[in-house]
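Given next are the chains, with one letter for each unit.
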Amino acid sequence: RAGRSQPGLRPQHLSGLEIIRDLCDGKLNGGEIGSTEITFTPGKIKGGTHIADTKTAGSVCLLMQVAMPCVLFAASPSELHLKGGTNAEMAPQIDYTVMVFKPIVEKFNFTFNCDIKRRGYYPQGGGEVVVQMSPVKELSPINLTERGTVTKIHGRAFVAGALPIKLAKDMSAAAVRCIRREIRDLYINIQPVREPDDQAVGTGSGIIIVAETSTGCLLAGSSLGKRGKNADKVGIEAAERLLQNLKHGGTVDDSLQDQLIIFMALAKGVSRVKSGPITLHTQTAIHFAEQLTKAKFTVTKSEEEDPGNDTYIIECQGMGMINPNL
């Protein structure tokens, strides 16, 4: 993270490293906030119940991303209690993880349960998510190359804490108006919700909109509210992101693209994903996945019927990781 405004480990990165250390009886040196170098020596991945707490609004979704590939190859089932921010900037929102990431990543032939106990927002966090997952023998490759047509658009606009439900309704209405200009004939259902007080810490708002296609693809656009930001603007921002993701013609949106790389690398066989323009996150993920495993990735411009589409095929010959414990 040398190029970031605050280089080195942030609280959520450190919590992520610590939960992995605990999962596998490993050793971690250089594990402090701001550290720019760590040494990690893994042991055997055992599974079991573990708690990771960022003690900030650091993203629980990033903790989940770190832990998931490990617990898949553990000796026994795992239950992870992840604490921090559930709806944070610069990270997937928990709603995205449940509505988009989960159904798609389960195509690698595993399942997990994600229970949102409490939501937590910037700056204090305080959210908690419990993830339960059983190990697998190996992961199957995926083939996500057919986009199909958009069949439905749904989502949720939420407020929590001191904010009135009217804000959620305004976000939802603005998003629907924006999408309607491009997609006229489709039913769009974006529920305005107020998070129950006993299930949310602090004050926050935001919106996520998901488009589902005839081939089972899920693409999303989301946005978070913040003080002084007009509710209509939040709704329009999410709608425009969704429309942008629908425009390129890929089967995954730009947030899911990089999250699939590690699973493609671990799977047995050839995975193919059609995506929009390759993000820097994805390039980085491919770089390290190839260094750490014997997986081989190729990215080629997709030869489209429609030359206006900026799509790519990410192909991976997976390493075929086998769980030695099963």
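Just so we're clear, the structure is a prediction, and the values are computed from it rather than from any experiment. (Residues numbered from 1 in each chain as written. Predicted model: local features only at pLDDT ≥ 70, side-chain atom pairs only at ≥ 80, totals over all residues. Heavy atoms only, no water.)

### A word on the packing of helix α2 (residues 60–71) against helix α3 (residues 94–105)
Between α2 and α3, the shortest axis-to-axis distance is 9 Å and the interhelical angle comes to 45 degrees. By the angle between their directions, the pair α2 and α3 is classed as oblique. Here Cys61, Met64 and Met68 of α2 lie close against α3, whose contacting residues are Ile94, Thr97 and Phe101. Here the residues of the contact of α2 with α3 sort into 5 nonpolar, 1 polar and no charged. (Axes fitted to C-alpha atoms, helices over the stretch in contact; angles between N-to-C directions. Helix = DSSP H or I, 4+ residues; strand = E, 2+ residues; numbered from the N terminus. Parallel < 35°, antiparallel > 145°, perpendicular 65-115°, else oblique. Contact = heavy atoms within 4.5 Å. Nonpolar A, V, L, I, M, F, W, Y, C, P; charged D, E, K, R; others polar.)

### Digging into the UniProt feature "domain: RNA 3'-terminal phosphate cyclase" (unreviewed entry) in the chain
Those residues carrying the UniProt feature "domain: RNA 3'-terminal phosphate cyclase" (unreviewed entry) are residues 1–299 in this numbering. Annotation note: span residues 1–299, helix share 32%, strand share 28%, distance between end C-alpha atoms 25 Å. (UniProt positions renumbered as here; feature names shortened; annotations may be inferred.)

### Thoughts on the packing of aromatic side chains
This model, assessed by the stated rule, comprises 6 aromatic pairs. With 6.4 Å between their ring centres and 50 degrees between their planes, Phe101 and Phe112 make a pair best called tilted. Taken together, the residues span a long stretch of sequence, with Phe101 in helix α3 and Phe112 in strand β5 (residues 112–120) at a distance of 11 residues. Of the residues examined, Phe101 reaches a relative accessible area of 4% and is grouped as buried. (Phe/Tyr/Trp six-rings, centres within 6.5 Å; stacked < 30°, edge-to-face > 60°. Buried < 20%, exposed > 50% of the residue type's maximum accessible area, 1.4 Å probe, protein only.)

### Notes on the sheet that holds strand β7 (residues 143–144)
With mixed pairing, the 4 strands of this open sheet are ordered in space as β7-β13-β15-β14. Strands at the two margins of the open sheet, each flanked by one partner only, are β7 and β14 (296–301). Pairing between β7 and strand β13 (residues 270–275): 2 bridges, direction parallel. Directly across from Asn143, in β13, lies its bridge partner Arg272. Along the sheet face, helix α8 (residues 280–292) touches β14 and β15 (312–317) and points at about 150 degrees away from the line of β14. (Pairing = 2+ DSSP bridges.)

### Thoughts on the sheet that holds strand β10 (residues 200–201)
Pairing is mixed in the open sheet, where 5 strands are placed in the order β3-β4-β6-β5-β10. Pairing within the sheet leaves two strands with one partner each, and these edge strands are β3 (48–53) and β10. In terms of strand pairing, β5 meets β10 through 2 bridges, oriented parallel. Its bridge partner lying in β10, Gly120 is registered against Val201. The strands that helix α1 (residues 11–23) touches are β3 and β4 (78–84); relative to β3, the one it contacts most, it runs at about 160 degrees.

### Some remarks on α3
Here α3 lies mainly inside the structure; 9 of its 12 residues are buried. Every buried residue of α3 is accounted for by Ile94, Asp95, Tyr96, Thr97, Val100, Phe101, Lys102, Ile104 and Val105.

### Details of the pairing of β3
Relative to β4, β3 runs parallel, the two being bridged by 6 bridges. Residue pairing across strands places His50 opposite Leu80, the latter belonging to β4.

### Thoughts on the domain arrangement of the chain
Domain boundaries in the chain define domain 1 (11–133), domain 2 (150–248) and domain 3 (252–319). Here domain 2 and domain 3 have C-alpha centroids that lie 27 Å from each other. Opposite the 6 residues of domain 2 that make contact, domain 3 presents 9 residues. Around 500 Å² of area is buried between domain 2 and domain 3 when both sides are counted, 44% of it from carbon and sulfur atoms. On the domain 2 side of the interface with domain 3, the three residues burying the most area are Leu219, Asn245 and His248, jointly 77% of the side's total. At the surface where domain 2 touches domain 3, the tally comes to 2 residue pairs in polar contact (both at pLDDT 80 or more). (Domains from an automatic or database assignment. Buried area = accessible area lost by both parts, 1.4 Å probe. Polar contact = N/O pair within 3.5 Å; in protein donor to acceptor, adjacent residues only side chain to side chain.)

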